[in-house]
Amino acid sequence: LYIFLILLYPYQGGGVRFIFPVIPFVCYYIYLSAQQLGRNIYSKNLLALTISIIVLLQYSTWIEKNIETRSQIIEGPQTVFGQQAFEFIKSETPTNSIFIFRRPRALALYTSRRACCNFVWDAPQDALQNMDSLGVNYCMTNQNDANPALDSLIKNKPELFNKLWCNEQFTIYGFR
């Protein structure tokens, strides 16, 4: 009767708050149903198997999507361009150098170099002060991951940066 009343009620915003008063009854009926099913099922293994299949069916579209895209490389450090950049950094820069990059943890993990990041939406002057205070030696930019503060600093003060290497996605600059 309550559900029928909710369906007829002309309220457009509805939501789940109208269901709150019947939640205790629903939980009680779920408990009674589970208790009856437990009595009628002779094999607990069959019950566990049935519940497992029901749970797995909930994830079937996600599993299918992952199987279809398993050979695709997700945008990130495993791409060819990323590997090229990391290889250049490992072979052409000193081990004690400090980089500024939008994703410093990835750079540090794949190159064994120290890395930091500026506040992306800061003013270019704040990014410059941050780089000076941290003792940054190199900058790395990514075409697919914007860093407006660093990009505008490179554009406005090109005399501070020396382009060392680039590919289709990454550019590495020497700083000062």
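Small disclaimer: the values here were computed from a predicted structure and weren't measured.

Criteria and cut-off values
Residues numbered from 1 in each chain as written. Predicted model: local features only at pLDDT ≥ 70, side-chain atom pairs only at ≥ 80, totals over all residues. Heavy atoms only, no water. Helix = DSSP H or I, 4+ residues; strand = E, 2+ residues; numbered from the N terminus. Rg over C-alpha atoms; globule rule 2.2 N^0.38 Å. Buried < 20%, exposed > 50% of the residue type's maximum accessible area, 1.4 Å probe, protein only. Pairing = 2+ DSSP bridges. Contact = heavy atoms within 4.5 Å. Axes fitted to C-alpha atoms, helices over the stretch in contact; angles between N-to-C directions. Parallel < 35°, antiparallel > 145°, perpendicular 65-115°, else oblique. Left-handed = near helix turned anticlockwise from the far one by under 90°. Nonpolar A, V, L, I, M, F, W, Y, C, P; charged D, E, K, R; others polar.

## A few points about the overall build of the protein
A count of helices and strands for the protein gives eight helices and five strands. The secondary structure elements of the protein, listed N-terminal to C-terminal, are α-α-α-α-α-β-α-β-α-β-α-β-β. For the protein, whose C-alpha radius of gyration is 29 Å, the value lies well above the compact-globule estimate of 16 Å for 176 residues. Counting only C-alpha atoms and orienting by the principal axes, one finds that the protein spans roughly 75 × 45 × 25 Å. Going through the 176 residues of the protein one by one, you find that 27% of them count as buried.

## A few points about the pairing of strand 5 (residues 170-175)
With six of six residues buried, strand 5 lies mostly within the body of the structure. The alternating pattern of strand 5 places Phe170, Ile172 and Gly174 on one face and Thr171, Tyr173 and Phe175 on the opposite face, and all of these are buried. Judged from the five bridges that link them, strand 3 (residues 138-142) and strand 5 form a sheet pairing that is antiparallel. From the neighbouring strand, Met140 faces strand 5, where its bridge partner is Ile172. Across five bridges, the pairing between strand 4 (residues 161-166) and strand 5 is antiparallel. The partner of Trp165 across the bridge, within strand 5, is Ile172. Hairpin connection of strand 4 to strand 5: three residues between the antiparallel strands.

## Description of the environment of Pro94
The residue Pro94 is located in the loop between helix 5 (80-92) and strand 1 (98-100) in this model. Those residues in contact with Pro94 that lie beyond four places of it in its chain are Arg113 and Tyr138.

## Considering the packing of helix 5 against helix 6 (residues 104-111)
To characterise two packed helices, one gives the angle between the axes of the helices and the distance between these axes. Look at helix 5 against helix 6: their axes get within 9 Å of each other, and the N-to-C directions meet at 60°. Relative to helix 6, helix 5 is oriented oblique. Crossing handedness for the pair helix 5 and helix 6: right-handed. Within the contact between the two elements, helix 5 uses Gln83, Phe86, Ile89 and Lys90 and helix 6 uses Ala106, Leu107, Tyr110 and Thr111. Here the residues of the contact of helix 5 with helix 6 sort into five nonpolar, two polar and one charged.

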